[in-house]
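Chains, contacts and geometry: an overview
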Amino acid sequence: YGGHIVNDFDRLVCQEYLRFYMKDELLDEMDMYPYPDVKLQYFAAPQTSDSFDKVLQHVEQTMQGDSPLAFGFHPNAEIGFRTDQSEQLCLSILDLGAGDEASGEEGASKQTVAESALQDILENHRDAIFDIDAVLSLLDEPGPYHTVFLQECELMNALIETMLATLEELDLGFKGELTMGDHMERLQDALFLDRVPGAWSKVAYPSIRGLTTWLANLKGRLEQLREWTQGPTDIPVVTWLSGLFNPTSFLTAVMQTTAQAQSLELDKLRVATEVTKRMEPSEFSAHSRDGAYVYGLSLEGARWDMQGAMLAPSAAGEMTCLMPVINCKAAPADKTESNIYECPCYKHLRRGPTYVFSAPLKTKAPAAKWVLAGTALIMDVASK
């Protein structure tokens, strides 16, 4: 960690560690593992009367091996870490073999594999461009939600146009009508290795998927936008929040709609979440009266207890937990509630600079438990 505090989440984690350890019980042989799910004697603080040698002996005899529990994580954290290591190793091996001319299925050449993928993608996406002018002509006065979906259509058009232009250029290169440049070879390598080309990633949404699952995800995003363009006066009853380029703008539209309806100041509102009891969007027939229903979020580092309607420890081996449909609505920014964990939401499992918003979720355990466990909502849990 190096002691670096680069954002508010780093500061929060350090504060919770300090609050847990820097207290009087530290001098009374307290258990040093923070907030374990099973109450066992893991590693107790040494007695204050012990000599230096006895303290060293206590550490060597009692602390056996590394454990995620020592940091407040669930044991699943180690499974996720090892899985990620294995995937990175496999990707490195694939990179080393990418130069082999006959390393595809049944000895197929790199060009053959790439050309097959190229033709499939072109065939499926040639007619995927949205006619934004036609959509605008159906809207008398675009509201906040309409603006969000129009922007999504524009971003999707930019992505599809980039995909088609680069693939058509590579197709001409394969036919010998253009000289293969470095950028065309990089695109060929990406298609061969089932990775999203860098030129597409620059205009696309953050994702760590492989190309095959990325295209399947793209298909779902296109379908949501296509359904909206067919009747643009209304937004979907339940919106696939994870399927938007800019989900933050949709959540802002929720607050804007409330601010306009109740004559409130936008900068004094925040997003509140109410987790419903229903898992499937098809179970809803009407829009939310005070916000917008969204789905597609999953919990990492915890699970959602449907009966208790609160956070609960993860099940063994269950890396993520799909959340029910959530009603997102606006609430006063200065309103505070007890037994709430402000759960950060990220676009994919690597998290990084993909923070979207913080969702207040009910909890019976101290919020510090979930902070140290790294509990977060993830929009896209696929990693390959």
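Right, let's walk through the structure included here. (Residues numbered from 1 in each chain as written. Predicted model: local features only at pLDDT ≥ 70, side-chain atom pairs only at ≥ 80, totals over all residues. Heavy atoms only, no water.)

The next subject is the pairing of strand β9 (residues 340-348). Where a strand is regular, its side chains alternate between the two sheet faces. Burial runs high along β9: eight of the nine residues are buried. Counted between consecutive antiparallel strands, the loop separating β9 from strand β10 (residues 355-362) contains six residues, among which Arg351 sits at a positive phi close to 60 degrees. When β9 meets strand β11 (residues 376-380), the two strands line up parallel, connected through three bridges. Among the inter-strand pairings, Cys345 is bridged to a residue of β11, identified as Leu377. (Buried < 20%, exposed > 50% of the residue type's maximum accessible area, 1.4 Å probe, protein only. Helix = DSSP H or I, 4+ residues; strand = E, 2+ residues; numbered from the N terminus. Pairing = 2+ DSSP bridges.)

What follows deals with the packing of helix α6 (residues 144-174) against helix α10 (residues 247-262). In the contact formed by α6 and α10, the axes pass within 8 Å of each other and the chain directions differ by 160 degrees. As judged from the angle between their axes, α6 and α10 are roughly antiparallel. Considering how the two elements wind past one another, α6 and α10 form a crossing that is right-handed. Across from Pro144, Tyr145, Val148, Phe149 and Gln151 in α6, the residues of α10 making contact are Ser249, Phe250, Ala253, Val254, Gln256, Thr257 and Gln260. The residue makeup of the contact of α6 with α10, split by class, is seven nonpolar, five polar and no charged. (Axes fitted to C-alpha atoms, helices over the stretch in contact; angles between N-to-C directions. Parallel < 35°, antiparallel > 145°, perpendicular 65-115°, else oblique. Left-handed = near helix turned anticlockwise from the far one by under 90°. Contact = heavy atoms within 4.5 Å. Nonpolar A, V, L, I, M, F, W, Y, C, P; charged D, E, K, R; others polar.)

Moving on to the nonpolar core. What tends to happen in soluble globular proteins is that the nonpolar side chains get buried as a cluster. Ranked by size, the top nonpolar core spans 72 residues in total, and within it Leu159, Leu191, Trp200, Trp214, Leu218 and Phe250 carry the most contacts. Ignoring any residue separated from it by four or fewer positions in sequence, one finds Leu159 in contact with Trp200, Val203, Ala204, Tyr205, Trp214, Leu218 and Phe245. (Core = buried A, V, L, I, M, F, W, Y, C linked by side-chain atoms within 4.5 Å.)

Summed over the entire model, instances satisfying the criterion amount to two cavities of 30 Å³ or more. Estimates place the volume of the largest cavity at around 100 Å³. Lining the largest cavity we find 15 residues, and of these Asp37, Gly72, Phe73, His74 and Lys369 sit closest to its centre. Taken together, the residues of the lining of the largest cavity break down into nine nonpolar, four polar and two charged. Roughly 70 Å³ of volume is contained in the second largest cavity. Of the residues belonging to the lining of the second largest cavity, the class tally is six nonpolar, one polar and three charged. (1 Å grid on protein atoms, 1.4 Å probe; cavity = no way out; pocket = protein on both sides within 12 Å on 5 of 7 lines; lining within 4 Å. Points joined across faces, edges and corners; volume = space filled by probe spheres on them.)

Right, let's talk about unusual backbone geometry for a bit. With the exception of glycine, most residues fall at negative phi, and the peptide bonds are largely trans. Positive phi, normally seen in glycine, also occurs at Glu29, with a value near 55 degrees. In this structure Glu29 comes out as partly exposed when scored by relative accessible area, which is 40%. Unusually for a residue other than glycine, Ser263 sits at a positive phi of about 55 degrees. With respect to the helices and strands, Ser263 occurs in the loop between α10 and β2 (269-275).

A word on the layout of surface pockets. Estimated volume of the largest pocket: approximately 1600 Å³. Around the largest pocket, the lining comprises 44 residues; the ones closest to its centre are Phe73, Ala77, Glu300, Arg351 and Gly374. Every element with two or more residues in the lining of the largest pocket is listed here: α1 (8-21), α3 (76-97), β9 and α11 (367-372). A total of nine residues in the lining of the largest pocket trace back to one element, the largest contributor, which is α3.

Glancing now at the sheet that holds strand β1 (residues 238-240). In spatial order, the strands read β1-β3-β8-β2; together these four strands make up an open sheet with mixed pairing. Here the strands that pair on one side only, and so sit at the sheet edges, are β1 and β2. With direction set aside, neighbouring strand axes in the sheet form an average angle of 40 degrees. With three bridges connecting them, β1 and strand β3 (residues 291-295) associate as parallel partners. Along β3, the bridge assignment pairs Val238 with Tyr293.

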